[in-house]
Amino acid sequence: MIPAPGAAPLRRELPTVADTETFGEELGRELVAGDVLLLAGPLGAGKTALVRGLARGLGVTGQVASPTFVIAREHPPSGDGPALVHVDAYRLGGAGGPDEAAAAAAVIDELDDLDLDTELDRAVVAVEWGIGVADRLAERAVEVVLERREDETRVATLRRTARP
């Protein structure tokens, strides 16, 4: 399901929250320790619902909820698979402030403080609001952009990126 770097993105319509979770579950079955998943989309687009499905696909334990106020939650594996580290970059570094460059630098500093790159050898790291701020965590990442249409259908665009 995950396209190769440089390949055309995969687009999937997700009419219900259950469809969004199922898409996440399918994606979770393909991810391995070291993968970084960067999620983008407006509030209510289904980022956390996708991560709930991702957790099922990875077979991790613990209830998945938005980590907005704790910034990051770790879900240990229930078997031999990778853990899941679920991060919400929305509140990091004054995101959305008037000085975008300063805000981006502050987000990078706060992500460094979380020491997520040390988790990569044993976990999948999923970062909500991560595109453009958490890209540097790994040489390659999976980006999922979620849009929400007026009829409440979500549209996911999935692509793999790689740094040159």
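Quick caveat, the model's predicted, so the values are computed rather than measured.

Quick notes on the rules
- Residues numbered from 1 in each chain as written.
- Predicted model: local features only at pLDDT ≥ 70, side-chain atom pairs only at ≥ 80, totals over all residues.
- Heavy atoms only, no water.
- Helix = DSSP H or I, 4+ residues; strand = E, 2+ residues; numbered from the N terminus.
- Buried < 20%, exposed > 50% of the residue type's maximum accessible area, 1.4 Å probe, protein only.
- Contact = heavy atoms within 4.5 Å.
- Areas by Shrake-Rupley, 256 points an atom, 1.4 Å probe, with all protein chains shown as cover.
- Pairing = 2+ DSSP bridges.
- Axes fitted to C-alpha atoms, helices over the stretch in contact; angles between N-to-C directions.
- Polar contact = N/O pair within 3.5 Å; in protein donor to acceptor, adjacent residues only side chain to side chain.

Is there a simple way to explain the overall build of the protein chain in this structure?
The helix and strand inventory of the protein chain stands at three helices and seven strands. Helices and strands appear in the protein chain in the N-to-C order β-α-β-α-β-β-α-β-β-β. Burial status across the protein chain gives 46% buried among its 164 residues. Look at the contacts in the protein chain between residues 6 or more apart in sequence, and 61% of them connect residues 24 or more apart. Accessible area of the protein chain: about 8000 Å², with a carbon and sulfur share of 51%.

So what exactly am I meant to see when it comes to the pairing of strand β4 (residues 83-88) here?
Successive residues of a regular strand alternate their side chains across the two faces of the sheet. For β4, the buried fraction is high: six of the six residues fall into the buried class. The alternating pattern of β4 places A83, V85 and V87 and L84, H86 and D88 on opposite faces, both of which are buried. As paired strands, strand β3 (residues 72-75) and β4 are joined by four bridges and run antiparallel to one another. Its bridge partner lying in β4, E74 is registered against V85. Relative to strand β5 (residues 123-128), β4 runs parallel, the two sharing six bridges. Of the residues in β5, the one forming a bridge with L84 is V124.

I'm lost on the sheet that holds strand β6 (residues 140-148) in this one. Help?
What holds strands together in a sheet is hydrogen bonding between their backbones, with the strands either parallel or antiparallel. With mixed pairing, seven strands are arranged side by side in an open sheet as β1-β7-β6-β2-β5-β4-β3. The sheet is open, and its two edges are formed by β1 (10-14) and β3, each paired on a single side. Each adjacent strand pair in this sheet contributes to an overall mean axis angle of 20°, direction not counted. As judged from the nine bridges shared by β6 and strand β7 (residues 154-162), these two strands associate in the antiparallel manner. Across the sheet, the residue bridging to L146 is A156, located in β7. Seen against the sheet, helix α1 (residues 17-30) touches β1, β2 (36-40), β6 and β7 and runs at an angle of roughly 145° to β1.

I'm lost on the side chain of T48 in this one. Help?
Here T48 shows up in helix α2 (residues 47-58). Judged by relative accessible area, T48 falls into the buried class, the value being 17%. Polar side-chain contacts of T48 include one of 2.8 Å to the side chain of E128.

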